[in-house]
Structure formats: structure tokens, C-alpha cells
Amino acid sequence: MADLKEIAIIGGTGAQGLPVVKALAESGRYRVRVLTRNASSSRAQHLAALPNVTLLQGAQDNQRDLHNVFRGVYGAWVNTDGFTLGEKDELFYGFRAYEIARSEKVQHYVWANIEYAMDAANYDEQYHCGHMESKGRVGKFILAQGQDGVKSTLFSTGPYMDMLMDGMFVPIKQQDGSFLWANPAPSDAKIPLIALCDVGVYNLWIFDNPSESAGLDLQVMTDNVSFGEIAAVFTEITGKPAVHRPIPFETYAPLAEPYPGASVNWALGPDAPRDDSIMSWRENFGAWWRYWGGGITRERDTALLDRVHPQRIRSLADWMKHVGYDGEQRSVLKMVEDWNKK
């Protein structure tokens, strides 16, 4: 164990972080140091039971804790929680995490990225989606520093395929047993969904192959599908009738927002202090639905993904079979899980 390279993880108990920690720890090539606000939580204890994993209690928005988690490690995988921090604080702590990692001599820094929507949309304000912009801005900053002194890689995801089980993609079960997806996306608008069960392998490849992954923005995808196709594939796999019905965002928002007047960092509760940099839930996700429904996102390099992860899931149908998808709600997203506990 002493010869294993150690990787610091921020965001390890989240939906994306869990499979990353698992893949690194079980590879037998890495030790993993996970920063967590609550080392006694069920998710943290699940990680602590894995081989080669240690927990470090601390916060993503505490600079002393950032120094502690990065000190003495070979690499870092960082997924800050923009929904908790908010757009402004994620920018500050995203930049500071990278700077502190460099000060602690981290050799390979991986930023869990989301594409910079405003950049892709030629800075059209109607696509300003705060939780995408903050991640994307930090990602561009990191790659702009070059590869001298520390290797860096962006791991860029679109919406999770697993959000079909939790979050805004869960269908509504009708009284007759059929399922309905009702949301603002056009039925033919394709969205590059990524299955969370594959993200661990991609990140293991990143750390195993620094000569190839350094300077790379690895944009991952499982399948590029529309909600019309999601409903059709669901029926094909399960035999249950399903349809997608596009509805205006103004109709959708009251049904989907966590509570009336919610901010984008809604999980902090309605009375948390906020300033002008914190978008409302409706502003943020109005832009989010416009972006993914508008076909603006760039095409993924599936040939590269096939080479990096030859056994990756390649279709929505295969994912549904893999997870036994039945259209019912399951726990995936940590933010939703924490809110439900409150």
C-alpha cells in the first residue's frame, strides 16, 4: 500500500464521485483521500469500507482544509458542489483549489467539468446557466495554465442518464400504468446523457495515462437521445406505454421547482443569505432547458471514448437493461437525498 499513488478527492460522496472513488480504490494502483463534511454519513461510510480509502473531514470552501487534502498526494480529482456554493463562490473556490493544489505540488489535477454554455452559445445571455458557467470558466482557466509544473485534465459531463431515476428526468406514472415525460425539451432535441456507472473507468484511464490525458478535455457521453426516443426505448425495454409531451417552461416550472421562489442553491433552504450572483431556480433551469433543447452542445468524440473505455455502455437501451430501469424513483443525487433527510 505504501507504493500506491495517492489521489485527493473533493466531491467523493456525490453521484459522480462515488464511482470515481470506487474505480480508483479497487484498481489496486491508488490510495484515495476523500474530503467530506460529514465522515459519519452513510455515503462517507460506504466509501470508507472500500480498500485503500481514507476520509478527511473538512469543507470544500475552507482553504485550510484544501491545503490538508492536497498535501502530499500525487493527484487530485475535484468536483466542487456548485449548487451549494453558488456561481460566485464556485468560481473563487474552483480557482483557489487549483492554486492550492499547485502550491502543495500535486502532479496531476483533474477538474470535474461541465461545458461552458455561454461560450458554446456565443455569449447569448438567454443561455446563462449559473451552475454550468462557473464549472466551465474554471475549466478553461485550468487548461490555459498549460502543462508545465502540473498535468491537468478536464472530465466533462452532460446531464446524467441516471437522472431518469432521480431529479428532473423522472417520468410521471399515470393511473393507467403508463409513463409520461412532460418537460420543456422538444421531443426531437437530442441530449448527450452519460451513465454514471462508466465515469469511474474514464477517470481511472485519465490517471493511468497522464502522457495522453494531460491537457485533454475528455467530454463523455453514453448516448445522444431525445425525450421522444427515451419514451420509445422505455416502452421497447419494459413493455410499458410511455410518451413525451413538450410543455412551456412557464407551465413546467411550478411543477418542478423544489419550493416556490427557490434559488438555484435551493438545498440550503429558503432563508439562506444570498446576493445578486445567486440565480433563481427558474432563471438557472430555464436557461438549462433552452441550452439542451436548442442543440447547441458540441458533438462528442465517440471513437476516443470507445478506445478509452472499450466496455462502455453505448446506448440508452443497454443502460436501461443494465440498471433494471422501470421508471420509478430511486436515490441518485446527493443534494436531493440530503434535502429529503431535512
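For clarity, every value in this text was computed on a predicted model and none was experimentally measured.

Visitor: Would you mind going over helix α11 (residues 249–256) with me for this structure?
Guide: Spacing of three or four residues puts side chains on the same side of an α-helix, whose turn is 3.6 residues. Where α11 is concerned, the buried positions are Phe249, Tyr252 and Ala253. Buried residues of α11, seen end-on, are gathered within an arc of 105° and therefore sit on one face of the element. Turned more than 90 degrees from where α11 packs its buried face, Glu250 and Leu255 sit exposed. Here the buried face of α11 lies against β8 (179–183) and α12 (281–293).

Visitor: What is the right way to read the packing of helix α1 (residues 17–26) against helix α8 (residues 199–208) from this model?
Guide: Two numbers describe a pair of packed helices, the interaxial angle and the distance between the axes. Between α1 and α8, the shortest axis-to-axis distance is 8 Å and the interhelical angle comes to 50°. Here α1 is positioned oblique relative to α8, judged by the angle of their axes. Regarding α1 and α8, the two cross each other, and that crossing is right-handed. Contacts between α1 and α8 involve Pro19, Val20, Ala23 and Leu24 from the former and Val199, Gly200, Val201, Asn203, Leu204 and Phe207 from the latter.

Visitor: Mind showing me how you'd approach the pattern of salt bridges here?
Guide: Any two side chains of opposite charge can pair, on the condition that their charged atoms come close. Summed over all chains, the structure comprises 18 salt bridges. For arginine 312, the salt bridge identified is with aspartate 306, shortest N-O distance 2.7 Å. For aspartate 306, a relative accessible area of 26% translates into the label partly exposed. Aspartate 326 serves as the salt-bridge partner of arginine 330, at 3.8 Å between the closest nitrogen and oxygen. Assessed through its relative accessible area of 26%, aspartate 326 is described here as partly exposed.

Visitor: Mind showing me how you'd approach the UniProt feature "domain: NmrA-like" (unreviewed entry) in the protein chain here?
Guide: In the numbering used here, UniProt assigns the "domain: NmrA-like" (unreviewed entry) feature to residues 5–254. Between the end C-alpha atoms of residues 5–254 the distance is 48 Å, and the span holds 39% helix and 23% strand.

Visitor: What's the story with the side chain of glutamate 87 in this structure? I'm lost.
Guide: Among the structural elements, glutamate 87 can be located in helix α5 (residues 87–103). Polar contacts involving the side chain of glutamate 87 include one to the side chain of histidine 128, which spans 3.1 Å.

Visitor: Before we go on, may I ask you to explain the packing of aromatic side chains in this structure?
Guide: Two measures describe an aromatic ring pair: the distance that separates the ring centres and the angle between the ring planes. Per the counting criterion, the structure on display carries 25 aromatic pairs. An angle of 70° between the planes, with centres 4.7 Å apart, marks the rings of phenylalanine 95 and phenylalanine 141 as edge-to-face. Remark: phenylalanine 141 occurs in helix α7 (residues 130–144) and phenylalanine 95 occurs in helix α5; sequence separation between them is 46 residues. Owing to a relative accessible area of 26%, phenylalanine 95 belongs among the partly exposed residues under this scheme. Between tyrosine 291 and tryptophan 292, the ring centres sit 5.1 Å apart and the planes meet at 85°, which makes this aromatic pair edge-to-face.

Visitor: What exactly am I supposed to notice about the sheet that holds β8 here?
Guide: Whether parallel or antiparallel, the strands of a sheet pair through hydrogen bonds between backbone atoms. Judged by pairing direction, the sheet is mixed, and its three strands sit side by side in the order β7-β8-β12 without closing on themselves. In this open sheet, the two strands that pair with only one neighbour each are β7 (172–173) and β12 (242–246). Bridging between β7 and β8 involves two bridges; their strand directions are antiparallel. Note on β8: the bridge partner recorded for isoleucine 172 is leucine 180.

Each value, and the rule that gives it
- Residues numbered from 1 in each chain as written.
- Predicted model: local features only at pLDDT ≥ 70, side-chain atom pairs only at ≥ 80, totals over all residues.
- Heavy atoms only, no water.
- Buried < 20%, exposed > 50% of the residue type's maximum accessible area, 1.4 Å probe, protein only.
- Helix = DSSP H or I, 4+ residues; strand = E, 2+ residues; numbered from the N terminus.
- Arc of directions from axis to C-beta.
- Contact = heavy atoms within 4.5 Å.
- Axes fitted to C-alpha atoms, helices over the stretch in contact; angles between N-to-C directions.
- Parallel < 35°, antiparallel > 145°, perpendicular 65-115°, else oblique.
- Left-handed = near helix turned anticlockwise from the far one by under 90°.
- Salt bridge = Lys/Arg side-chain N within 4 Å of Asp/Glu carboxyl O.
- UniProt positions renumbered as here; feature names shortened; annotations may be inferred.
- Polar contact = N/O pair within 3.5 Å; in protein donor to acceptor, adjacent residues only side chain to side chain.
- Phe/Tyr/Trp six-rings, centres within 6.5 Å; stacked < 30°, edge-to-face > 60°.
- Pairing = 2+ DSSP bridges.

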